[in-house]
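# Examining the three-dimensional arrangement
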Amino acid sequence: MATIKQYIAEHENRFIEELFDLIRIPSISAKTTHKEDMIRCAEAYKALLLSSGFEKAEVMPTKGNPVVYAERIIDQALPTVLVYGHYDVMPAEPIELWKSGAFEPEIRDGHIWARGADDDKGQSMVQIKGFETALKLGYVNCNVKVIMEGEEEVGSPSLEEFCIEHKEKLRADIILVSDTSMISKDVPSICTGLRGLAYWEIEVTGPSHDLHSGHFGGAVANPINELCKLIAGLTDEDGKITIPHFYDDVEEMSPEEREMIKQIPFSEEDYKKFLKIDAVHGEKGYHTLERNSSRPSLDCCGIWGGYTGEGAKTVLPSKAYAKVSTRLVANQDFEKISIDFVKHIKSIAPDYIKVKVTPLHGGSPYICPTNLEVYKVAEEAFEVAFGKRPLARRSGGSIPIIATFERVLGLKSVLMGVGLESNAIHSPNENISIDIWKKGIEAVAEFYKRFGHK
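Just so it is clear, the structure is predicted and the values come from calculations on it, not from any experiment. (Residues numbered from 1 in each chain as written. Predicted model: local features only at pLDDT ≥ 70, side-chain atom pairs only at ≥ 80, totals over all residues. Heavy atoms only, no water.)

## Quick word on the overall build of the chain
- Assigned secondary structure in the chain consists of 14 helices and 18 strands.
- Relative to a compact globule of 454 residues, whose C-alpha radius of gyration would be 22 Å, the chain shows 23 Å and is just as compact.
- The dimensions of the chain, computed from C-alpha atoms along their principal axes, are 80 × 50 × 45 Å.
- The buried share among the 454 residues of the chain stands at 54%.
- Across the chain, every contact between residues at least 6 apart in sequence was considered, and the portion connecting residues at least 24 apart equals 80%.
- Approximately 20200 Å² of the chain is accessible, and the part contributed by carbon and sulfur atoms is 51%.
- Measuring between centres, the 53 positive side-chain charges of the chain sit 1 Å from its 69 negative side-chain charges. (Helix = DSSP H or I, 4+ residues; strand = E, 2+ residues; numbered from the N terminus. Rg over C-alpha atoms; globule rule 2.2 N^0.38 Å. Buried < 20%, exposed > 50% of the residue type's maximum accessible area, 1.4 Å probe, protein only. Contact = heavy atoms within 4.5 Å. Areas by Shrake-Rupley, 256 points an atom, 1.4 Å probe, with all protein chains shown as cover. Lys, Arg positive; Asp, Glu negative; His and termini not counted. Charge placed at Lys NZ, Arg CZ, Asp CG, Glu CD.)

Structure (structure tokens):
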């Protein structure tokens, strides 16, 4: 009988072509113009899941984009794994910065380049093909269910209701997810925590219409100027967020956890070189790896208003807009933070402008205990696939639905992601290393080889 490595090697080309078929569908959930693509991608996943060994697969409606559900039930008495992934992707803009077509996958330098190569089409294939490999080799000794959603990149607005409505169908013992990153290609790791998220749009209005900046400049407040002041005031000189009560519920890191973070191989000089920056910046008193994983942060994600076309137009704009997000850590409630943010912005806005703050979406933080038996199984599987025991590390990113799964379904999630920071998810030239991708598939297959057999 073939080994796990041999099966993956023999079927590598097919695995890649199946991934390419998914990537070519521009399933961009943020744009309503891609609604048909969302449905087409869901149907493609249904077909893929059936061909990969699941006995049943269906595309199920929600208030938004559909959910793809699949299952292979071996014996109701056996434990059940629920696999989660998402088939929607981020917009590809700015298109001109891509070296190849965003939705025309290409292999260069041992990497697959395309939108969704990592997040999350490439990583969801790690789970699906890891299952197929283990199944074909006779290693699966548990029931396996899959849900693939189409709204993760816009905050999963429909999935909580879906989970409540189909709670019995989704009954399981553990959730497996591949949608996170490792420390590096040479230092495998399993993500043990995710930051939460809150996201808003701010609209600032000054005069009722755009004005001539010569005739009115200096006498009427400029919404862009005022919006910049509001945003600049959301953090102080020490990198602290200034929203009242923001830190009330923040769980401080223990000395042991801070010491563990120090053991993670990290070169600040290499970090700066990779990002092409002269210095790092963040909350005073914390290491870079603490700032980007275990401490909250706040960022302006976009700002616009006035004239931005070619050449000059001397205009004092009527309106200005910004999108602002904050990443939250253990014990912070995104709904409470969202309310506090709205109150704070309105309280500091001067009376010569009008301010509207619209919450867009959010999600709670998540922590996975490393003493879970199923976590230890995943740890062993990673060690076989990558040749090193993985480190435990919190991620700075957010997958809001993971905390929802725990609250609604009562299930912990083990985050078996194999991405890298250099994979440029959400950015032009997103990519994934084929070698690491195959090791990820191997790790999932090794997981099934162990889970349910003890």
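## Notes on the UniProt feature "domain: Peptidase M20 dimerisation" (unreviewed entry) in the chain
- Under the UniProt annotation, the feature "domain: Peptidase M20 dimerisation" (unreviewed entry) is placed at residues 192–352.
- For residues 192–352, the end-to-end C-alpha separation is 47 Å, with 30% helix and 22% strand making up the annotated structure. (UniProt positions renumbered as here; feature names shortened; annotations may be inferred.)

## Observations regarding the sheet that holds strand β4 (residues 106–108)
- Taken in spatial order, the 3 strands of this open sheet run β4-β5-β18, and their pairing is antiparallel. Unpaired on one side and paired on the other, β4 and β18 (431–433) mark the two borders of the sheet. The sheet shows a mean angle of 25° between the axes of neighbouring strands, direction not considered.
- Strands in contact with helix α14 (residues 434–450) are β4, β5 (111–113) and β18; relative to β18, the strand with the most contacts, it is inclined by about 70°. (Pairing = 2+ DSSP bridges. Axes fitted to C-alpha atoms, helices over the stretch in contact; angles between N-to-C directions.)

## Some details on α14
- Look at α14: 25 Å from first C-alpha to last across 17 residues, which is about the 24 Å you get at 1.5 Å a residue.
- Within α14, 13 of the 17 residues are buried, which leaves it mostly tucked inside the rest of the structure.
- Two or three places before D435, at the opening of α14, S433 has a side-chain oxygen 3.3 Å from that residue's backbone nitrogen.
- Remark: G452 follows α14 within two positions and exhibits a positive phi of approximately 85°. (Expected span 1.5 Å × (residues − 1). Polar contact = N/O pair within 3.5 Å; in protein donor to acceptor, adjacent residues only side chain to side chain.)

## Topic: the pattern of salt bridges
- Counted according to the given criterion, the structure contains 32 salt bridges.
- Across the salt bridge formed by R14 and E132, the nearest N and O atoms sit 2.6 Å from each other. A residue pair is termed long-range when its members are at least 10 positions apart, and R14 in helix α2 (residues 12–23) and E132 in helix α4 (residues 121–136) qualify at 118 residues.
- A residue is classified by how much of its surface remains accessible, and R14, at 31% relative accessible area, is partly exposed.
- On the basis of relative accessible area, E132 is assigned to the buried category, the value being 1%.
- With a shortest N-O distance of 2.8 Å, K129 and E18 are connected by a salt bridge. Of the two residues, K129 is situated in helix α4 and E18 in helix α2; the sequence distance between them amounts to 111 residues. For the residue pair K129 and E18, the accessibility class agrees, reading buried in each case. (Salt bridge = Lys/Arg side-chain N within 4 Å of Asp/Glu carboxyl O.)

## What about the packing of helix α12 (residues 373–386) against α14?
- Their axes nearest at 8 Å, the elements α12 and α14 cross at an angle of 135°. When the axis of α12 is compared with that of α14, the two are oblique. Our pair here, α12 against α14, has a crossing hand that is right-handed. The segment α12 lies against α14, with V374, V377, A378, E380, A381, F382, V384, A385 and F386 engaging I436, K439, G440, E442, A443, E446, F447 and R450.
- When grouped by side-chain class, the residues that make up the contact of α12 with α14 number 11 nonpolar, 1 polar and 5 charged. (Parallel < 35°, antiparallel > 145°, perpendicular 65-115°, else oblique. Left-handed = near helix turned anticlockwise from the far one by under 90°. Nonpolar A, V, L, I, M, F, W, Y, C, P; charged D, E, K, R; others polar.)

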